[in-house]
Each structure stands twice: as structure tokens, then as C-alpha cells.
Amino acid sequence: MGMALIAALMLAAPKAVGAAEARVVYHADFADPRRFSSMLTSINNMVMHYDNEFMDYDVRIVFVAHGIRFVTDDALAGTPFEEDERLREERDTLRGRLLSLNNLHNVRLELCEVTREAIRLSADEVYDAVEFVPSGVVRIAELQNDEDFAYIKVE
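Rules of the game
Residues numbered from 1 in each chain as written. Predicted model: local features only at pLDDT ≥ 70, side-chain atom pairs only at ≥ 80, totals over all residues. Heavy atoms only, no water. Pairing = 2+ DSSP bridges. Helix = DSSP H or I, 4+ residues; strand = E, 2+ residues; numbered from the N terminus. Axes fitted to C-alpha atoms, helices over the stretch in contact; angles between N-to-C directions. Contact = heavy atoms within 4.5 Å. pLDDT = per-residue confidence, 0-100. Core = buried A, V, L, I, M, F, W, Y, C linked by side-chain atoms within 4.5 Å. Buried < 20%, exposed > 50% of the residue type's maximum accessible area, 1.4 Å probe, protein only.

Section: the sheet that holds strand β5 (residues 150–152)
If you trace the five strands from one edge of the open sheet to the other, you get β4-β3-β2-β1-β5, paired in parallel fashion. Of all strands in the sheet, those with a lone pairing partner are β4 (130–133) and β5, marking the two edges. Neighbour-to-neighbour, the strand axes of this sheet turn through a mean angle of 30 degrees, independent of strand direction. In terms of strand pairing, strand β3 (residues 108–112) meets β4 through four bridges, oriented parallel. Paired with glutamate 110 across the two strands is glutamate 131, which belongs to β4. Along the sheet, helix α5 (residues 136–147) contacts β1 (22–28), β2 (57–63), β3, β4 and β5; its crossing angle with β2, the most-contacted strand, is approximately 155 degrees.

Structure below.
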């Protein structure tokens, strides 16, 4: 009887203080500014919903490969991730939207060090809000497997 009561209390116990109700990781490994814009819209809609429902959340974007284009103003000339005309035209708007999500809604931005180091981009050329992770794909797997994050990749 005592063990059943303890088990029932453990199941009914509130979540740990500071634990997010919603955990979501977005995977940004693509070059298309239109697709990135769609992803930013999706994230904004999500965090606005959580804010309106007074829900705690932890939303992150992990940038890998071509996604590096969206966390620097460097044109990345001579790399596989080189800026194209469309990105050049939309960069200011995309940067503003991305950094607003970070500043206003605490959306965390994480960049794969493997990608950054492969093209020899200085860490100083990456937006200040971006955190570096040793491997983007490993980070995504850790978030999914160890921290119960939902995985989203905008197509």
C-alpha cells in the first residue's frame, strides 16, 4: 500500500522547476532563403502560441552545412555555401527576424563547429547570439534522445 501511494505521488508530482513544457529543435541545413523565411514564420507562430498559452518552451535552431549562410553576414565566397543574389537581397530582413526570435522569445541559435571550421570562417564573423556546438547532427541527436526535443525540418 505504501509503495503504491509513493508511486502515485511521483506520477502526480509537478514537473521540475524550470523544465520546459515544449521542447523543439529546428534543423537548418539548407541554402534557400525562401525556405529559411518559412522556417522563421513557423517558429514565430509556435512561440507566439506558447506565449499566448502561458507555456514554458525551449525552441532551438541548429545550423549545419548550408544553414551557416543564415548566421553570418560574410558572403562565404569560394565555399560551397557562397551567398547568391537572392540571399544578398533578403539578408537584412532574415537577420532581423532571426535575431528578433532570439532576443524577444529566447529562441536559441546553435551552429555546427564542424561546418564553421571546414570553411575556416572566424567565430567573430558569426552573429553574437549564436552558440557553437562541436557537431550539429550530434547536437540534434542529443536534444532528441536525451532531452525529449521534438524534431522539425521545414521543407
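A short note on the side chain of arginine 69
In this structure, arginine 69 sits in the loop between β2 and α3 (85–105). Once residues within four sequence positions are removed from consideration, arginine 69 is found in contact with Ala31, Pro33, Leu76, Phe81, Glu82, Glu83, Asp84, Leu87 and Arg91.

Things to note about the confidence of the model for the chain
Within the chain, residue pLDDT values average 91, and 87% of them lie at 70 or more. Across residues 2–17 the pLDDT falls below 50, and counting only partners more than four positions away or on other chains, this stretch makes two contacts in the model.

Details of the nonpolar core
Of all hydrophobic cores here, the largest spans 34 residues; its most connected members are Ile61 and Phe63. Every element with two or more residues in this core is listed here: β1, α2 (33–52), β2, α3 and β3. Ranked by residue count, the leading element in this core is α2, at seven residues. Residues contacting phenylalanine 63, with those up to four places away along its chain left out, are Ala28, Phe36, Phe70, Val71, Leu98, Leu109, Glu110, Leu111 and Cys112. Among the nonpolar cores identified, the runner-up in size contains seven residues, and Val25, Val62, Leu143 and Phe149 belong to it.

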